[in-house]
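A look at the structure
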Amino acid sequence: MMNKRVYGVMGISSIMANWNADFSGYPKTTSKGEIFGSDKAFKYPMKKLWDETGEKVLYIKSMTVAEDKKKGTVSFVPKTLIERYKQLFDTEEVKDAREVLKNLFSAVDVKNFGATFAEKGCNIAITGAVQFGQGFNKYADSMPQEQQILSPFRDATASQKNKEGEEAKNSSLGTKIVSDEAHYFYPFSINPKAYKEYEALGVTQGYTEEDYQKFKQAALCAATSFATNAKAGCENEFGLLIETQEDVYLPNIAESIYFEHRSQDKNTIRVKCGGLLQEFGDKILSVEIYYNPGTTILETDIPDVKMYHIFTRKEL
């Protein structure tokens, strides 16, 4: 088990993109109109990255073929949790809870984020060692933009018929909604003692340094690597990692981060938690900040902080 805690913040830049939409298609907002991204929006690209690099990932959509012999149809549908579990761990048995726990902890997403495995005869809930908060946009002037998209095909459905009841003769229109610009900052913490009871059961070695390194590497680049139509324009722009002794408990560090829009073609990110960290003395083991010096000016009051280029990982 890793013998330290980790606190930090991950920052995502969204330029003419939609990092996390609600069911209306617009960027997700609170009841007060504040734009934010859910923790699921951050975890999903990490899972995709792990999956693409050959790691075992349980909680990710995978498809299967469903054949309806009565209707004579074949369709693609998402696998159930138990189907995904059996495929990933190459097993047909889901009866031995101890074996199920061992398998679950061998999946990198479960090891980091925990799991809810509610299947007949084996109901398991694991609270993850890594806990993410919601990522709030710190750019006050962010605005949604609607883009009209013309389909290359005519829509001949009944809903597209004209007043005379004739089928539409023109291509159909669609809408793509993006933010002109948004900057999300996600707080997180890592408590390696979260799996202490499972270690006692002999189903895991606990949250290790290797698990932390896998989390760290994915968290710093997953958004950049996740290239879909909606996420093109989204990338990692900031990372703060504070390693502490096990008895240190820090508040939400994202509240100490301030974002200022472009001045001389660069944004400014200010990290103002140096005073708080100094109060803990040598219980703060290390502090690292990752950012892109080509687009961002970084200002901080944290002493002895190590700065790295977020893409090249070279020390600045």
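Conventions used here
- Residues numbered from 1 in each chain as written.
- Predicted model: local features only at pLDDT ≥ 70, side-chain atom pairs only at ≥ 80, totals over all residues.
- Heavy atoms only, no water.
- Pairing = 2+ DSSP bridges.
- Helix = DSSP H or I, 4+ residues; strand = E, 2+ residues; numbered from the N terminus.
- Axes fitted to C-alpha atoms, helices over the stretch in contact; angles between N-to-C directions.
- Buried < 20%, exposed > 50% of the residue type's maximum accessible area, 1.4 Å probe, protein only.
- Patch = residues over 30% accessible without salt bridge, like charges linked within 9 Å, V, L, I, M, F, W, Y side chains within 5 Å.
- Areas by Shrake-Rupley, 256 points an atom, 1.4 Å probe, with all protein chains shown as cover.
- Salt bridge = Lys/Arg side-chain N within 4 Å of Asp/Glu carboxyl O.
- Phe/Tyr/Trp six-rings, centres within 6.5 Å; stacked < 30°, edge-to-face > 60°.

Before going further, it helps to spend a moment on the sheet that holds strand E12 (residues 257-263). In spatial order, the strands read E12-E13-E15; together these three strands make up an open sheet with mixed pairing. Sheet topology places E12 and strand E15 (296-300) at the edges, where each strand pairs with a single neighbour. Pairwise comparison of adjacent strand axes, ignoring direction, gives a mean angle of 20° for this sheet. The sheet contact formed by strand E13 (residues 266-271) and E15 spans five bridges and is parallel. Among the inter-strand pairings, Thr268 is bridged to a residue of E15, identified as Ile297.

Regular strands place their side chains on alternate faces of the sheet. Along strand E11 (residues 234-244), ten of the eleven residues are buried, which leaves the element largely enclosed by surrounding structure. Here strand E1 (residues 5-17) pairs with E11 via ten bridges, running antiparallel. Note on E11: the bridge partner recorded for Tyr7 is Ile242. Note that E11 and strand E14 (residues 284-291) share seven bridges and pair antiparallel.

This paragraph deals with a nonpolar patch on the surface. Residues Met63, Val65, Val74 and Phe76 make up a contiguous nonpolar surface patch of about 440 Å² in total accessible area. Where the nonpolar patch is concerned, the elements lending two or more residues are strand E3 (63-68) and strand E4 (73-78). For Val65, the position within the fold is in strand E3. According to the relative accessible area criterion, Val65 is exposed, its value standing at 52%.

This brings us to the packing of aromatic side chains. This structure, assessed with the given rule, holds 18 aromatic pairs. Considering the side-chain rings of Tyr85 and Phe117, the 5.1 Å spacing of their centres and the 55° angle between planes classify their relative orientation as tilted. Of the two residues, Tyr85 is situated in helix H2 (residues 81-89) and Phe117 in strand E5 (residues 114-119); the sequence distance between them amounts to 32 residues. Both residues of the pair, Tyr85 and Phe117, belong to the buried class. The interplanar angle of 55° and the centroid separation of 6.4 Å between the aromatic rings of Phe113 and Phe132 together place this pair among those described as tilted. Taken together, the positions of Phe113 in helix H4 (residues 108-113) and Phe132 in strand E7 (residues 130-132) put the pair 19 residues apart, joining distant regions of the chain. Among the aromatic side chains, those forming a connected cluster through ring pairs are Phe42, Trp50, Phe113, Phe132, Tyr186, Phe188 and Phe215.

Let us now look at unusual backbone geometry. Within the chain, Met16 stands out as a residue other than glycine whose phi angle is a positive 50°. Examined against the element boundaries, Met16 turns out to sit in strand E1. Located in the positive-phi region is Asp90, a residue other than glycine, with phi close to 50°. Following the sequence through the fold, Asp90 ends up in the loop between H2 and helix H3 (97-105).

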